[in-house]
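# Coordinate inspection notes
Residues per chain, in single letters:
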Amino acid sequence: HAKKSGRSTFRAYRRGMDELIEKRRALEADIERGLERDEFELYLQPRVAARDGAIVGYEALLRWSHPERGMVQPGDFIPVAEVSGKIIDLGEWVLREACRLAADFPDHLHLSINVSPVQFRHPDFLKNVEDILSASGVLPRKLELEITESVLIDDDQRALVLLGHLKSLGLRIALDDFGTGYSSLSYLRRYPFDVIKIDRSFVSALGEEETANAIIRTIIDLGSGLGMRVVAEGVETVEQARYLTEAGCDELQGYLLGRPQPVDAAITAINASLVSELRSIAGRSFRQ
Ligand code: C2E
Ligand code: MG
Ligand code: MG
Ligand code: MG
């Protein structure tokens, strides 16, 4: 009897696995079709200076407007795209699209792009970045690449050389989700980051867990001491914004400051702020 039930459990497990594999295969094919049919788009979320709330740039966040599934969030397809290798094509699309957008940005705004560890490890990554940069004609300093600690773990030396090359192209490098990886401290000492982004989990624990406050203060002091800009992610409340600003955080990002929005809406907001800036300059000169 035990043997029989064991066998049927195994069969159920196999069926479950088969379904999972089938689902994943369907999703892979769907991603490819989605790219062909131009179903992907970038949403833009503002990053603001803690000091005065001025928008200093945007982060590009991938969205998939699927004909049947509706709007699909990156958490629901990026892991599959990474396992299947589709992230290479997808990541190239993101780079090209982001460069195209940033080329039209006013010079004082930058655009951050998330780079998957799989993409970062690909031997053609640097060449692709160079090609896409020069084809778009964008000023490289308007772009920032966000990477996570996981890219640094496996091949130290290659990562170090690659980051050096990317920086010599004029790109800025940010360490995303800081504090969630393994030996964050040693990475900061070795790698030339321009920006560190404090992971959302610390920000949301502010005021609730004493340790979060201490960790955040330490990250800010450390990053500032090393000459890096420190950005807090996932800022949702005025209390969090106030605490971070007082602790010396340079920039804030989160729903409180602005949700990720479609490109058109972001551009309208950028233009409106440029117009009001021009008006106030004009106003000042009229009064003189
Ligand atoms: P991430 O790079 O850490 O991006 C921040 C995530 O936090 C985004 O989720 C953003 O919408 C969300 N977020 C921002 N402010 C708040 C807030 O105040 N509260 C909360 N609860 N969430 C907030 P999203 O857009 O779903 O992206 C999730 C992750 O997917 C990203 O995390 C990034 O790792 C990845 N991702 C997004 N776009 C791309 C892309 O173009 N390429 C690659 N390789 N990965 C991407
Ligand atoms: Mg990011
Ligand atoms: Mg992050
Ligand atoms: Mg992340």
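Just above, that's the structure.
Cut-offs applied
Residues numbered from 1 in each chain as written. Chains lettered and ligands numbered in written order. Predicted model: local features only at pLDDT ≥ 70, side-chain atom pairs only at ≥ 80, totals over all residues. Heavy atoms only, no water. Phe/Tyr/Trp six-rings, centres within 6.5 Å; stacked < 30°, edge-to-face > 60°. Helix = DSSP H or I, 4+ residues; strand = E, 2+ residues; numbered from the N terminus. Buried < 20%, exposed > 50% of the residue type's maximum accessible area, 1.4 Å probe, protein only. Lys NZ or Arg CZ within 6 Å of the ring centre and 35° of its normal.

## A few points about the packing of aromatic side chains
Inspection of the entire model under this criterion finds seven aromatic pairs. On the basis of an interplanar angle of 25° and a centroid distance of 4.9 Å, the ring pair of F40 and W64 is categorised as stacked. Of the two residues, F40 is situated in strand β1 (residues 40-49) and W64 in strand β2 (residues 55-66); the sequence distance between them amounts to 24 residues. One exposure class covers both F40 and W64, and it is buried. For the pair F40 and F77, a centre-to-centre distance of 5.7 Å together with 55° between the ring planes defines the contact as tilted. You can see F40 sitting in strand β1 and its partner F77 sitting in the loop between β3 (70-72) and α2 (78-84), a full 37 residues away along the chain. For the residue pair F40 and F77, the accessibility class agrees, reading buried in each case. Counting every residue linked through ring pairs, the aromatic cluster contains F40, W64, F77 and W93. Geometry around Y255 places R259 over its ring, the cationic atom sitting 3.9 Å from the centre.

## Here's the deal with unusual backbone geometry
Of note, D38 is a non-glycine position whose phi angle comes to about 65°, a positive value. Here D38 lies in the loop between α1 (2-36) and β1. Looking at D38, the relative accessible area reads 58%, which means it is exposed. Of note, D177 is a non-glycine position whose phi angle comes to about 55°, a positive value. Locating D177 in the fold gives a position in strand β6 (residues 172-178).

None of this, on its own, says anything about what the molecule does.
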